[in-house]
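Architecture at a glance
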Amino acid sequence: LSPVVPCLLRLDVDVSELPCGLNGALYFVEMDFDGGMENYPTNEAGAAYGTGYCDAQCPHDMKWISGETNNEGWEPSDNDVNAGKGYYGSCCVEMDIWEANSVATAYTPHPCETVGAYRCEGTECGDNWSDERYDGICDKDGCDLNSWRLGDQSFFGPGGDFAVDTNKPMTVVTQFITSDGTDNGDLVEIRRVYVQDGQVIENSFSNLDGIDATDSITQKFCDQSKVAFGDVDDHAEKGGLKAMGESLDRGQVLVMSMWDDHDANMLWLDSNYPLDKDPSTPGVNRGPCPEDSGDPVDMEQNYPDATVKYYNVKFGTIGSTYSGGNGSPTTTSKPSECPGDDLADCMSMCPTEPLDIFQGCILECQDKCT
């Protein structure tokens, strides 16, 4: 379960074995922590058997929603033998901490007009096939921060030419900042920092006309990016960052997955999307993958051994310390002087405001922990 904001989450991740078209995703959703067993007596299975799942896409392929089977009007998928769609969808707020393969990454809040898991029907589901995507109760597009899409094509990718080398494991730190620095304030910023080879790597800055140079998700960034990309601003319509913060305070459930995309071939993450727009249009080019990549048949036949590794996942309030996990620390060259267990832990203890203090703390961590 997620902590109340302000808070941070850090994890170590290895995406070196994820090609174009696959997505290693670690995220939070506001589902019932027990899968709905307490709220629905007919549910004797629980989360361990996959019941209770929901997200901001309001998926219709869940076979058990709100204590009942979802077999009414069930239609098998025409391109996925394991899927289909029923009459109902399963909606809830979703905070995508990490969606990535070896060439592209994004983190994205998806607010909804819901509290907890909600079984939708009809227009409120916002289904693509009924052309009602923006009429539903959830923000399906979200407000994503994707470095490549925002103009920095040398930040994240395989090899030493990139600031973050995806051939190597990395530590990812995500901070949720409130308006007053307490859990009484509204969520106003979602900040990202990386640590690799003992070095802190600040997030990339946006570099597109119409968007102020920024390296984090704020409401201003979300508002400006929707205009610059010509996208429907469903994020603000569904409450924006404030609504996301309220959901995090209520508590969300951690989900880890690796998946291929039977709807859009993952082009929205790592290629040009949508395909009916000129790739030179701001926001369309999201990654370096070919437009014909990501076909699930190709993915499953040619990359059966693709993997993603998540480890040392830790969360808590900003400024908290953590006991070490079983994984190797990022660096231990100065264990007697380094606050926390390693560079990432030291960095996580730094106060985020004011900015000059935060930057000075980061430099001190680098000095003491590397």
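Criteria and cut-off values
Residues numbered from 1 in each chain as written. Predicted model: local features only at pLDDT ≥ 70, side-chain atom pairs only at ≥ 80, totals over all residues. Heavy atoms only, no water. Patch = residues over 30% accessible without salt bridge, like charges linked within 9 Å, V, L, I, M, F, W, Y side chains within 5 Å. Areas by Shrake-Rupley, 256 points an atom, 1.4 Å probe, with all protein chains shown as cover. Salt bridge = Lys/Arg side-chain N within 4 Å of Asp/Glu carboxyl O. Lys, Arg positive; Asp, Glu negative; His and termini not counted. Charge placed at Lys NZ, Arg CZ, Asp CG, Glu CD. Helix = DSSP H or I, 4+ residues; strand = E, 2+ residues; numbered from the N terminus. Buried < 20%, exposed > 50% of the residue type's maximum accessible area, 1.4 Å probe, protein only. Contact = heavy atoms within 4.5 Å. Pairing = 2+ DSSP bridges. Axes fitted to C-alpha atoms, helices over the stretch in contact; angles between N-to-C directions. pLDDT = per-residue confidence, 0-100. Disulfide = S-S within 2.5 Å. Polar contact = N/O pair within 3.5 Å; in protein donor to acceptor, adjacent residues only side chain to side chain. Phe/Tyr/Trp six-rings, centres within 6.5 Å; stacked < 30°, edge-to-face > 60°. Lys NZ or Arg CZ within 6 Å of the ring centre and 35° of its normal.

Here we come to a negative patch on the surface. Negative charge collects at one region of the surface, where D180, D183, D186 and D249 lie side by side. Summarising the element assignment, D180 is placed in the loop between β13 (170-178) and β14 (187-196).

Moving on, we get to helix α1 (residues 219-229). Burial in α1 covers these residues: F221, C222, Q224, S225, K226 and F229. Residues of α1 that are buried make contact with β16 (216-218) and α2 (234-237).

Pairing is antiparallel across the open sheet formed by four strands, whose spatial order is β9-β8-β2-β17. Whereas interior strands pair on both sides, the edge strands pair on one side only; in this sheet they are β9 (105-110) and β17 (253-260). Pairs of neighbouring strands in the sheet enclose a mean axial angle of 15°, with direction left out of account.

Moving on, we get to the pattern of salt bridges. Opposite charge on two side chains permits them to pair, given that their charged atoms come into close proximity. Tallying each qualifying case throughout the model produces eleven salt bridges. Here R149 and D144 are joined by a salt bridge, their closest N and O atoms 2.9 Å apart. D197 is the salt-bridge partner of K168, the closest N and O atoms lying 2.9 Å from each other. One end of the pair, K168, is in the loop between β12 (164-165) and β13; the other, D197, is in the loop between β14 and β15 (199-202), with 29 residues separating them in the sequence. Assessed through its relative accessible area of 34%, K168 is described here as partly exposed.

Before going further, it helps to examine the confidence of the model for the protein chain. Any region with low pLDDT has predicted coordinates that should not be read closely. In this model, the protein chain carries an average pLDDT of 90, and 89% of its residues clear a pLDDT of 70 or more. Under a pLDDT of 50 for its full length, residues 321-336 has, in the predicted model, 35 contacts with residues more than four places off or in other chains.

Two cysteines whose sulfur atoms are joined by a covalent bond form what is called a disulfide. Under the counting rule described, the total for this entry stands at six disulfides. Sulfur-sulfur distance for the disulfide between C20 and C289 comes to 2.1 Å. Across the S-S bond linking C20 and C289, the dihedral sits near -85°, which makes this disulfide left-handed. Here the residue C20 occupies a position in the loop between β1 (7-14) and β2 (22-29), and C289 occupies one in the loop between α4 (267-270) and α5 (296-302), the gap between them amounting to 269 residues. The partner cysteine of C143 in its disulfide is C222, sulfur to sulfur 2.1 Å. Between C143 and C222, the S-S torsion sits near -100°, and that sign places the bridge as left-handed. Residue C143 is located in the loop between β10 (118-120) and β11 (156-157), and its partner C222 is located in helix α1; the two are separated by 79 residues in the primary sequence. When its relative accessible area of 0% is taken as the criterion, C222 is described as buried.

What follows concerns unusual backbone geometry. Note the cis peptide between Y273 and P274, where omega equals 0°. Backbone geometry places D197, a non-glycine residue, at a positive phi of 55°. Judged by its relative accessible area of 56%, D197 is exposed. Residues other than glycine seldom take positive phi values, yet N265 does so here, at roughly 55°. Along the chain, the position of N265 falls in the loop between β17 and α4. Classification of N265 as partly exposed rests on a relative accessible area of 22%.

Assignment of secondary structure puts F162 in the loop between β11 and β12. Residues contacting F162, with those up to four places away along its chain left out, are Q153, S154, F155, F156 and G157.

With that settled, the discussion passes to the environment of D127. Among the secondary structure elements, D127 is positioned in the loop between β10 and β11. The spatial distance from the C-alpha of D127 to the C-alpha of K140 is 9.8 Å, given a sequence separation of 13 residues. Discounting chain neighbours no more than four positions away, the residues touching D127 are H60, G122, E132, R133 and K140. At 2.8 Å, the side chain of D127 and the side chain of H60 are in polar contact.

Once that is clear, we can look at the environment of K242. One can find K242 in helix α3 (residues 240-250). Along the chain, K242 and S179 lie 63 residues apart, while their C-alpha atoms are 10.0 Å from each other. When near neighbours in sequence (up to four residues on either side) are disregarded, K242 contacts D186 and L187. Within polar-contact distance, the side chain of K242 engages the side chain of E246 at 2.6 Å.

For T174, the location among the structural elements is in strand β13. We classify T174 as buried; its relative accessible area is 0%. Among residues more than four places away in sequence, those in contact with T174 are C7, L8, L9, I97, I190, R191 and R192.

Before going further, it helps to examine the packing of aromatic side chains. Tallying each qualifying case throughout the model produces five aromatic pairs. Geometrically, the ring pair formed by F155 and Y194 is edge-to-face, given 5.6 Å between the ring centres and 65° between the ring planes. Taken together, the positions of F155 in the loop between β10 and β11 and Y194 in strand β14 put the pair 39 residues apart, joining distant regions of the chain. The exposure classification of F155 matches that of Y194, with both residues buried. For the ring pair W259 and W268, a centre distance of 6.3 Å and an interplane angle of 25° mean the geometry is stacked. The partly exposed category is assigned to W268, whose relative accessible area is 23%. What links up through ring pairs into an aromatic cluster is the set W98, F155, F156 and Y194. The ring of W129 carries the charged tip of K85 above its face, separated from the ring centre by 3.8 Å.

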